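Fold and contact review
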Amino acid sequence: MTGRAPVLSVRGLSVRFLMPGGRRVAAVTDAHFDVAPGECLALIGESGCGKSVLASALLGLLPGNARTAGRALLGDLDLLAADERTLARTVRGRLIGLVPQSPAAHLTPVRTVRSQLEETVAELTGVRGGRKVLREAAEAAAERAAFPADHLDHHPHELSGGLAQRAATALALVGDAPLLLADEPTTGLDRDLVDRTVDELRRHVDNAEGKGARGDAGSRALLMITHDLAAAARIADRIAVMYAGRIVELADADAFFGAPGPRHPYSRGLLDALPDRAFTPVPGLPPELGALPGGCAFAARCDRATDACADLPPLRHAVACHHPHAALTEAADRA
Ligand SMILES: Nc1ncnc2c1ncn2[C@@H]1O[C@H](COP(=O)(O)OP(=O)(O)OP(=O)(O)O)[C@@H](O)[C@H]1O
Ligand code: NI
């Protein structure tokens, strides 16, 4: 990794939901990671482990019963401490482009995709020169996300899930934001489009389209939340594995998907569950985030667990486990 300052620096980020009756849901606990300029970090983990909550925390989009702790620095700005005005005016869309997990819910129902794209282009890029120029810029934005031109005049409810996904991706790319946050950007897409979509997200980071007008080649970063390990393997530089609200492993993507492989038993389990690998699901279910055990949250499902796992394993050499699989120390240190 380069010595340049990270685009995003997350330090000790925790999110608790306060529930009726005093119960607390520990959705995210003590997340700690950086995303460097030019880098794609993929955040993976089972449904309900806290990935989207982490994304919402960065964007200031958590509901009123959420409490956050820690810091999330985007440049000098602590996203967790920023007020709503700053988040609305300078963060969402401009500093962070969001590909939301439920695109249909983020598109304005009463307006066509074309009008939403044109408005976003006008607002975020300052494109001037009248209708025609704006129209062309909006069409180019649609094209980047493989959104078909003949559907631009449709309203969101007339779109399939896959097309709504592509419309949302097009909107997220418009602002050329320093950080692109993509939450399940490939939901509802078939394999070809998955590849095309993630490649476009990757290009945003690589700046391969000659968009270096700001002289900032390679200065952008991508945080991609995904269930799709093939998509992660295709474009990610590093992998963060989340389990029960905690990041349990951070790894170089090549080492993770290739040799020596993941170090945390849960990460191994995720890979073994893939159809083109062992096709064996991780046994059991993740714990309730409202009632987490005191020690390692994965111990109940782990074939390597011992008495030591009753204590919480710290994240050491980028893995939080008492019995990690061996790896080249060098690879672990780099991660
Ligand atoms: N407003 C809320 N109040 C209470 N609990 C919540 C709230 N929003 C989310 N949660 C809980 O936080 C946990 C993490 O949810 P999150 O949506 O981040 O999961 P995820 O990893 O993104 O899952 P998926 O892959 O299904 O999108 C879940 O257990 C969820 O029930
Ligand atoms: Ni989610």
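Each chain carries its own residue numbering, running from 1 in the direction its sequence is written. Labels follow written order: the first chain is A, the first ligand is 1, and so on. For a predicted model such as this one, the threshold for reporting local features is a pLDDT of at least 70, and the threshold for listing and counting side-chain atom pairs is 80 or more; totals across whole chains, interfaces and linings nevertheless cover every residue. Hydrogens and waters are ignored; side-chain quantities use all the structure's heavy atoms.

- The name given to the protein in an unreviewed UniProt entry is Nickel import system ATP-binding protein NikD, with the source organism recorded as Streptomyces rubrogriseus.
- The UniProt entry for the protein carries the following comment under Catalytic activity (unreviewed entry): "Ni(2+)(out) + ATP + H2O = Ni(2+)(in) + ADP + phosphate + H(+)".
- Recorded in UniProt for the protein, the comment headed Subunit (unreviewed entry) runs: "The complex is composed of two ATP-binding proteins (NikD and NikE), two transmembrane proteins (NikB and NikC) and a solute-binding protein (NikA)." UniProt positions are given in the numbering used here, feature names are shortened, and annotations may be inferred rather than shown by experiment.

1. Quick word on the pattern of salt bridges
- Note on definitions: salt bridges are taken to be side-chain nitrogens of Lys or Arg within 4 Å of carboxyl oxygens of Asp or Glu. Under the counting rule described, the total for this entry stands at 21 salt bridges.
- Arg92 is the salt-bridge partner of Glu84, the closest N and O atoms lying 2.9 Å from each other.
- The rule is simple: take the accessible area with a 1.4 Å probe, protein chains only, and divide by the maximum for that residue type; under 20% is buried, over 50% is exposed, in between is partly exposed. Residue class for Glu84 comes out partly exposed when judged on its relative accessible area of 45%.
- The salt bridge involving Arg234 is made with Asp199; its shortest N-O contact spans 2.7 Å. Residue Arg234 is located in helix H8 (residues 229-235), and its partner Asp199 is located in helix H7 (residues 191-206); the two are separated by 35 residues in the primary sequence.
- Among the charged side chains, a network of salt bridges with common partners joins Arg191, Asp195, Asp199, Asp228 and Arg234. Runs of H or I in DSSP of at least four residues are treated as helices and runs of E of at least two as strands, each being numbered from the N terminus.

2. Here's the deal with the packing of helix H4 (residues 113-125) against helix H5 (residues 130-144)
- Interhelical geometry of H4 versus H5 gives an angle of 105° and a closest axis separation of 9 Å. Taken as axis vectors, H4 and H5 run roughly perpendicular relative to one another. Contacts from Arg114, Leu117, Glu118, Val121 and Ala122 of H4 reach H5 at Arg131, Leu134, Arg135, Ala137, Ala138, Glu139, Ala141 and Ala142.
- Amino acid classes used here: Ala, Val, Leu, Ile, Met, Phe, Trp, Tyr, Cys and Pro are nonpolar; Asp, Glu, Lys and Arg are charged; the rest, including Gly, are polar. Residue composition of the contact of H4 with H5, by class: eight nonpolar, no polar and five charged. Orientation is described by lines fitted to C-alpha atoms, with helices fitted over the stretch in contact, and by angles between N-to-C directions that extend from 0 to 180 degrees. When an angle is under 35 degrees it counts as roughly parallel; over 145 it counts as roughly antiparallel; between 65 and 115 it counts as roughly perpendicular; any other value is oblique. Contacts are assigned to residue pairs with any non-hydrogen atoms lying within 4.5 Å of each other.

3. Some details on the layout of surface pockets
- Cavity: a set of points on a 1 Å grid over the protein atoms alone where a 1.4 Å probe fits but cannot get out. Pocket: an open set with protein on both sides within 12 Å along at least five of seven lines, its lining residues, like those of a cavity, having an atom within 4 Å of a point. Grid points are joined across faces, edges and corners, and a volume is the space filled by probe spheres set on the points. The computed volume of the largest pocket comes to approximately 550 Å³.
- Contributing to the lining of the largest pocket are 25 residues, with Gly93, Leu98, His106, Thr120 and Leu171 lying nearest its centre.
- When contributions to the lining of the largest pocket are tallied by element, the ones reaching two or more residues are helix H2 (84-91), strand E6 (96-99), H4 and helix H6 (161-174).
- Ranked by the residues each element gives to the lining of the largest pocket, the list is headed by H4, at five residues.
- A breakdown of the residues in the lining of the largest pocket according to their chemical character gives twelve nonpolar, seven polar and six charged.

4. A short note on the sheet that holds strand E9 (residues 238-243)
- Paired strands are those between which DSSP finds at least two bridges. Across the sheet, which stays open at both edges, the six strands sit in the order E6-E7-E8-E3-E9-E10 with mixed pairing between neighbours. Looking at the sheet topology across the chains shown, the edges are occupied by E6 and strand E10 (246-252). Ignoring strand direction, the axes of neighbouring strands in this sheet form an average angle of 15°.
- Pairing geometry for strand E3 (residues 40-44) and E9, over four bridges, is parallel.

5. Quick word on the side chain of Lys51
- Mapped onto the elements of the fold, Lys51 is located in helix H1 (residues 51-59).
- We treat Lys and Arg as the positive residues and Asp and Glu as the negative residues; His and chain ends play no part in the count. Glu184 is the oppositely charged side chain nearest to the buried, salt-bridge-free Lys51, at an N-O distance of 4.7 Å.
- Polar contacts involving the side chain of Lys51 include one to the main-chain carbonyl oxygen of Glu46, which spans 3.2 Å.
- When near neighbours in sequence (up to four residues on either side) are disregarded, Lys51 contacts Leu43, Ile44, Gly45, Glu46, Glu184, Ile225, His227 and Met242. Polar contacts, as used here, are pairs of N or O atoms within 3.5 Å; protein pairs need one atom able to donate a hydrogen and one able to accept it. Residues neighboring in sequence count only if both atoms are side-chain atoms.

6. Points about the coordination of the nickel ion (ligand 2)
- Here the nickel ion (ligand 2) is held by the protein donor atoms Ser52 (OG) and Gln101 (OE1), which lie 1.9 to 2.2 Å from it.
- Geometry at the nickel ion (ligand 2) is square planar, judged from its four donor atoms and the angles of 75 to 164° they form at the metal. Here the residue Ser52 occupies a position in helix H1, and Gln101 occupies one in the loop between E6 and helix H3 (103-106), the gap between them amounting to 49 residues.
- Exposure remark for Gln101: the relative accessible area of 36% places this residue in the partly exposed category. Here the coordinating atoms are restricted to nitrogen, oxygen and sulfur within 2.8 Å of the metal centre, or 3.2 Å for Na, K and Ca, and because water is not among them the sites may look incomplete. Angular criteria define each label, namely tetrahedral for four donors with all angles between 85 and 135 degrees, square planar for four and octahedral for six donors with opposite donors over 155 degrees apart and remaining angles between 65 and 115, and irregular for whatever fails these tests.

7. Some details on the sheet that holds strand E4 (residues 66-74)
- In spatial order, the strands read E2-E1-E4-E5; together these four strands make up an open sheet with antiparallel pairing. Of all strands in the sheet, those with a lone pairing partner are strand E2 (24-35) and strand E5 (77-78), marking the two edges.
- In this structure, E4 lies alongside E5, joined through two bridges in antiparallel fashion. Its bridge partner being in E5, Leu73 is matched across the sheet by Asp78.
- Across the sheet, H1 is in contact with strand E1 (8-18), E2 and E4; its angle to E1 comes to roughly 110°.

8. Re the packing of H4 against H6
- The interhelical angle for the contact between H4 and H6, taken along N-to-C directions, is 15°, at an axis separation of 9 Å. Our classification of the angle between H4 and H6 gives roughly parallel. Between H4 and H6 lies a crossing whose hand is right-handed. On H6, the residues touching Val113, Gln116, Leu117, Thr120, Val121, Leu124 and Thr125 of H4 are Ala167, Ala170, Leu171 and Val174.
- Residues of the contact of H4 with H6, tallied by class, amount to eight nonpolar, three polar and no charged. Two helices that cross are described as forming a left-handed crossing if the nearer one is turned anticlockwise from the farther one by less than a right angle, and a right-handed crossing if clockwise.

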